[in-house]
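Residues per chain are reported as follows:
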Amino acid sequence: MDPTLEPLARSLRQAPVVDRDGYEYFVHGVTDGIPPLEPAVLCAVADGIRERVDLESVDKIVAPEAMGIHHGTALSIATDVPLVVVRKRSYGFPEEVAVHQETSYGESELYLNGVDAGDRVLLVDDVLSSGGTIEAVCDALEAVEAELVDIVVVLRRVDVDHADVSRDVTSLLDVRVRDGQVDVLE
Ligand SMILES: O=P(O)(O)OC[C@H]1O[C@H](OP(=O)(O)OP(=O)(O)O)[C@H](O)[C@@H]1O
Ligand SMILES: Nc1ncnc2[nH]cnc12
């Protein structure tokens, strides 16, 4: 494992797991903002993404509301690349693209504004579970004819079926929930 991600891995192993209608949902600063997200972990995530993606070839970082925002923000500050947030609220702008998001435990509409045709985009989120969120945002990016450079998530759940995800996704850490605890794969 990347040594700079060890503190994140250690804290994930301590994360409480709660039941969300049969879905084992872990609660961690990276995915929930609680327990408090240590600044060193936030920086390690931004550094980890920079090591894996050539940010020189990216015009905009795109992060879905809500829990992609802090990772997108840290990365934006570190790289000077502007941040676009995909919102769960419509602004009614003529160029707005609406898509339907289905996650492992809920659904919502997502609204993309602020990305133009030809923009080279890095999509960042906290966690990949079913992949419904990533797929929905990619559909919206395709609709505006953006160029998707890469997709990076901090955590990928390997114990949830995301066979329907049709794009390559890079993760900093792969995790699963086993016996009520988060297991970090080496
Ligand atoms: O791979 P998936 O099954 O789509 O799950 C991953 C998504 O679920 C969470 O978002 P959620 O919409 O629950 O809301 P939040 O970010 O506002 O907490 C998380 O932040 C990811 O965006
Ligand atoms: N916080 C979280 N824990 C586990 N699975 C998730 N999927 C989306 N958010 C999650």
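This structure is a prediction, so every number in the text was calculated from the model and none was measured. (Residues numbered from 1 in each chain as written. Chains lettered and ligands numbered in written order. Predicted model: local features only at pLDDT ≥ 70, side-chain atom pairs only at ≥ 80, totals over all residues. Heavy atoms only, no water.)

Of regular secondary structure, the protein possesses 5 helices and 10 strands. The globule rule puts the C-alpha radius of gyration for 186 residues at 16 Å, and the 16 Å found for the protein is close to it. Seen along its three principal axes, the alpha-carbon backbone of the protein occupies a region of about 50 × 35 × 30 Å. Residues counted as buried form 47% of the 186 residues belonging to the protein. (Helix = DSSP H or I, 4+ residues; strand = E, 2+ residues; numbered from the N terminus. Rg over C-alpha atoms; globule rule 2.2 N^0.38 Å. Buried < 20%, exposed > 50% of the residue type's maximum accessible area, 1.4 Å probe, protein only.)

Turning next to the pattern of salt bridges. Counted under the stated rule, the structure contains 15 salt bridges. In this structure, Glu 51 and Arg 52 form a salt bridge, with 3.9 Å as the shortest nitrogen-oxygen distance. On the accessibility criterion, Glu 51 (55% relative accessible area) is exposed. Glu 65 is the salt-bridge partner of Arg 87, the closest N and O atoms lying 2.7 Å from each other. (Salt bridge = Lys/Arg side-chain N within 4 Å of Asp/Glu carboxyl O.)

So, about the UniProt feature "domain: Phosphoribosyltransferase" (unreviewed entry) in the protein. The sites that carry the UniProt feature "domain: Phosphoribosyltransferase" (unreviewed entry) are, in the present numbering, residues 40-157. Note that residues 40-157 is 31% helix and 35% strand, and that its end C-alpha atoms are spaced 23 Å apart. (UniProt positions renumbered as here; feature names shortened; annotations may be inferred.)

Here we come to the site of ligand 2. In the vicinity of ligand 2, the contacting residues are Tyr 23, Tyr 25, Phe 26, Thr 31, Asp 32, Tyr 105, Val 127, Ser 129 and Arg 157. Note that a nitrogen atom of ligand 2 is positioned 2.8 Å from one of the backbone N or O atoms of Phe 26. Here ligand 2 loses 94% of its free accessible area of 260 Å² to cover by the protein chains. Counting only elements with at least two residues in the shell around ligand 2, the list comes to strand E2 (23-26) and helix H2 (29-32). Per-element tally for the shell around ligand 2: the top contributor is E2, with 3 residues. When its residues are assigned to classes, the shell around ligand 2 shows 5 nonpolar, 2 polar and 2 charged. (Near = heavy atom within 4 Å. Polar contact = N/O pair within 3.5 Å; in protein donor to acceptor, adjacent residues only side chain to side chain. Areas by Shrake-Rupley, 256 points an atom, 1.4 Å probe, with all protein chains shown as cover. Nonpolar A, V, L, I, M, F, W, Y, C, P; charged D, E, K, R; others polar.)

Bringing unusual backbone geometry into the picture now. With the exception of glycine, most residues fall at negative phi, and the peptide bonds are largely trans. A cis amide bond, omega -20°, links Ile 34 with the succeeding residue Pro 35. Here Pro 35 is to be found in the loop between H2 and helix H3 (39-52). Of note, Asp 80 is a non-glycine position whose phi angle comes to about 70°, a positive value. One can find Asp 80 in the loop between helix H4 (69-79) and strand E4 (83-86). Here Asp 80 falls in the exposed class, since its relative accessible area comes to 73%. Of note, the phi angle at Glu 145 is positive, near 65°, even though the residue is not glycine. Looking at the secondary structure, you find Glu 145 in the loop between helix H5 (132-143) and strand E8 (147-157). Glu 145 gets classed as exposed once you look at its relative accessible area, which sits at 58%.

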